[in-house]
Each structure stands twice: as structure tokens, then as C-alpha cells.
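Tertiary structure, described
Single-letter residue listing:
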Amino acid sequence: MYALAVHGGAAARGQAGERHAPRQDYHTGLAAALELGQRILEQHGCALDAVEAAVALLEDNPLFNAGRGAVLTFAGTVELDASIMDGSTLRAGAVAQLRRVSNPIRLARRVLERSPHVFLVGDGAEAYAAETGMTLVSNEYFITPARMQQLAVLQQRRAQAGQPARAEVRQPQREQQGRVSPESQPPLGTVGAVARDHQGRLAAATSTGGTAGQRVGRVGDSPVIGAGTYADDQCCAVSTTGHGEAFLRTVLAHDIAARVCYRGDALAVAVERALEERLAVIGGRGGVIAVDRHGEIVTRHNAGQMYYGYLASNREMHVNA
Ligand code: ASP
């Protein structure tokens, strides 16, 4: 059997990053990604191909906060991060601070497959993209009017609150549990996918533009193996979305895998406990999609809303957007 889940980000309701198109459009985008991944899995393609293809399609969709249409930094530029992991071999590829690679997840796959490294960033990552035959685009390619407007609203809010336009986003602290500033929360739209293929291989992939109005050079959890993405055929595949700093501090994707592997927790229990006992404790908000070696799919969040969808060889497509 095969199983596939995708997400399109998690966020609190009523913030600057909330959706900027009809809900149905997000639904259509997620369904298209699921259908593409399903075609690959049905034809006995591998889980890694399915998650890469699903995420690349969402990167091309300007509604989502990944690839074209990603959120802007406070400088009005786009910086992209992505990672992918193969649960059969524990090989992984990650890229961050890309400004000119149209599909960061495809570059992450190249890092996984063709390079001796796991993580490439910035100019070096883009040089690697060019060396391996990828065409670089200008940063303007990624910038959409909706994201420019979102940044303008954010800057206006900061000005009204008496904060400098380049205000630092404070990290959630333990003592601030449940009181994370809405500004420190991510917008909807980061994308991810997890899959189990016919042969029981697991894979996970995540791609993002980070948080709206973020400091230039800021990198969240999405490209960090163990925090935003993790896959191990022995336990599960996980892709996260939400407040990146909190996911980094709790190494959440690996935390879930470790609960499944070492404690023998069922996937649903592992995800629930990781979100409650680790993420929420430091005031982190976000969500997770995960699939285990039996093809069990779990989606869960504590953010207010999360866009996701899933299907399996024995399960109809379901999309929540
Ligand atoms: N986790 C991402 C980051 O912090 C943002 C998101 O998932 O929306 O960069």
C-alpha cells in the first residue's frame, strides 16, 4: 500500500499572513499536489520522488509560501529554504537562503543525491545549482503583489505599535507560554509532504520562504533535518510547519520519530505528545504531517488553522483548506 500527505502551512487566524485568495484555491492547489504524488506512487514510484514532485508543484503555486509567492523579508526580498530526506538510506539534502533557485526542493534533492554534503546555503548553494545545470532566476521572479501588500500591512502594524520596521521578532519563552506575539507566528503557506511507497520506503520534504517580514539571513526549521523534516523507514516521516524557532529548539520532527522508535508510541500519540509536551511548553505554535511505516497518516496542529490533505491506496483523498 502507499500513503501520502501534504501541508500548506499553519497559522493563527486573523494575522497579516492569513490567506490572500479564496479558500477553494488553496484546496485546489493541495489536491493537485496530492494527485501528482499519487500518480507516482501508483506507478510504483518511490516515496522520495512523490514528496519532491508534490512540493515542487506547491512551490510553483504563488498562493503558497514557498518558491514563487513566498513571503518577503523586511528588506522586500525573498529567501528560500527547503529540505528532503530519504527514510531508507537516511540520506538528506537541505538548502537555505536561496534567492535565485525557482524550486528549492529540487536543489535539496540534488544535494541529497549528487553531493557528499547535507546542507548548502546562500551563494554556495546557488553556485552548486548552476554547476549541476539548474537555471537561476532573478529574485523578482518570486515576488507577488499579494506578498508586497502583506509586507506593507506588517510594516504599518509595526509602525502603529511604535516598533521600528525592522523589529526583531522575539522568541517564545517558557514563561510566556500561550502568549506568543502574533507577529512572531508564521503566515499560512509553507509546504511539505510525507509519503510511504508500495515498498515501505518513507520520505519527507518541506519548503518555505520563512516568516513574513523576517530579518535578512534568518533561517527557520524547514531546512533543518530533524527540526522541520525527518524520515526513517524504521519509524516515520515528518514535515512540520509553524513557528520555526520553536521547532528548532525542540527538534520536533526527530522528537516524533524518536518517540515512535524508542518508546514504541503509536504515531498519533507521538505527534500529540511532541506538540503538547515539547512545542506548546515553550509557546510554539504550528502543525505536523506524518506517516509511519504501516502507512498510518497523522495530521495535527495547535495553531488555529492548518491546510493539509492526504490520501492512501485504501483511502479517499481528503483536503482541509
Ligand atoms: N516553519 C517556517 C519557518 O519558521 C515557517 C512556516 O512553517 O510557516 O521558517
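About the cut-offs
- Residues numbered from 1 in each chain as written.
- Predicted model: local features only at pLDDT ≥ 70, side-chain atom pairs only at ≥ 80, totals over all residues.
- Heavy atoms only, no water.
- Helix = DSSP H or I, 4+ residues; strand = E, 2+ residues; numbered from the N terminus.
- Buried < 20%, exposed > 50% of the residue type's maximum accessible area, 1.4 Å probe, protein only.
- Contact = heavy atoms within 4.5 Å.
- Core = buried A, V, L, I, M, F, W, Y, C linked by side-chain atoms within 4.5 Å.
- Axes fitted to C-alpha atoms, helices over the stretch in contact; angles between N-to-C directions.
- Parallel < 35°, antiparallel > 145°, perpendicular 65-115°, else oblique.
- Near = heavy atom within 4 Å.
- Polar contact = N/O pair within 3.5 Å; in protein donor to acceptor, adjacent residues only side chain to side chain.
- Areas by Shrake-Rupley, 256 points an atom, 1.4 Å probe, with all protein chains shown as cover.
- 1 Å grid on protein atoms, 1.4 Å probe; cavity = no way out; pocket = protein on both sides within 12 Å on 5 of 7 lines; lining within 4 Å.
- Sits in = over half its atoms within 2 Å of the grid points.
- Nonpolar A, V, L, I, M, F, W, Y, C, P; charged D, E, K, R; others polar.
- Pairing = 2+ DSSP bridges.

Mapped onto the secondary structure, Ala193 falls in strand S5 (residues 191–196). Since its relative accessible area comes to 0%, Ala193 is described here as buried. Spatially, the C-alpha atoms of Ala193 and Ala33 are 9.1 Å apart, while their sequence positions differ by 160 residues. Contacts of Ala193, omitting those with residues within four sequence positions, involve Ala5, Val6, Val51, Ala54, Val55, Ala203, Ala204, Ala205, Ser239 and Ile289.

As a further point, take the nonpolar core. Within the largest apolar cluster, 54 residues are counted, with the highest numbers of intra-cluster contacts made by Leu30, Ile84, Ile105 and Leu107. Here this core gets eight residues from one element, more than from any other, and that element is helix H2 (residues 47–60). In contact with Ile105, other than residues within four places in its own chain, are Glu52, Val55, Ala56, Glu59, Ala82, Ser83, Ile84, Ala205 and Thr206. Listed in part, the 39 residues of the second largest apolar core include Ala231, Val291, Ala303 and Met306.

Glancing now at helix H8 (residues 267–279). Those residues of H8 that fall on the buried side of the exposure criterion are Leu267, Ala270, Val271, Ala274, Leu275 and Leu279. Contacts from the buried residues of H8 go to strand S8 (236–242), helix H6 (244–250), helix H7 (252–263), strand S9 (286–292) and strand S10 (297–301).

Here the focus is the packing of helix H3 (residues 104–114) against helix H4 (residues 122–131). Relative to each other, H3 and H4 sit at 80°, their axes nearing to 10 Å. With respect to H4, the axis of H3 lies roughly perpendicular. From H3, Leu107, Arg110, Val111 and Arg114 reach across to H4, where they touch Ala125, Tyr128 and Ala129.

This brings us to the site of the ligand. In the neighbourhood of the ligand, twelve residues make up the surrounding shell, with Thr190, Arg218, Asp221, Thr241 and Gly242 lying closest. One of the side-chain nitrogen or oxygen atoms of Arg218 is found 2.8 Å away from an oxygen atom of the ligand. Between Thr241 and the ligand, the recorded distance is 2.7 Å, taken from a side-chain N or O atom to an oxygen atom. For the ligand, the protein covers 100% of the area, taking 270 Å² as the surface of the free molecule. The pocket occupied by the ligand, as judged from atoms lying within 2 Å of grid points, is the largest cavity. Residue classes in the shell around the ligand are distributed as two nonpolar, eight polar and two charged.

What follows deals with the sheet that holds S8. Within the open sheet, the four strands sit side by side as S7-S8-S9-S10. Their pairing is antiparallel. The open sheet has two edge strands, strand S7 (229–231) and S10, and neither has a second partner. Shown here is a sheet whose adjacent strand axes are inclined to one another by a mean of 10°, direction ignored. In this sheet, S10 lies alongside S9 in antiparallel orientation, the contact comprising five bridges. Note that in S10 the partner of Ala290 across the bridge is Val298. Set on the sheet, H7 makes contact with S7, S8 and S9; between it and S8 the angle comes to about 145°.

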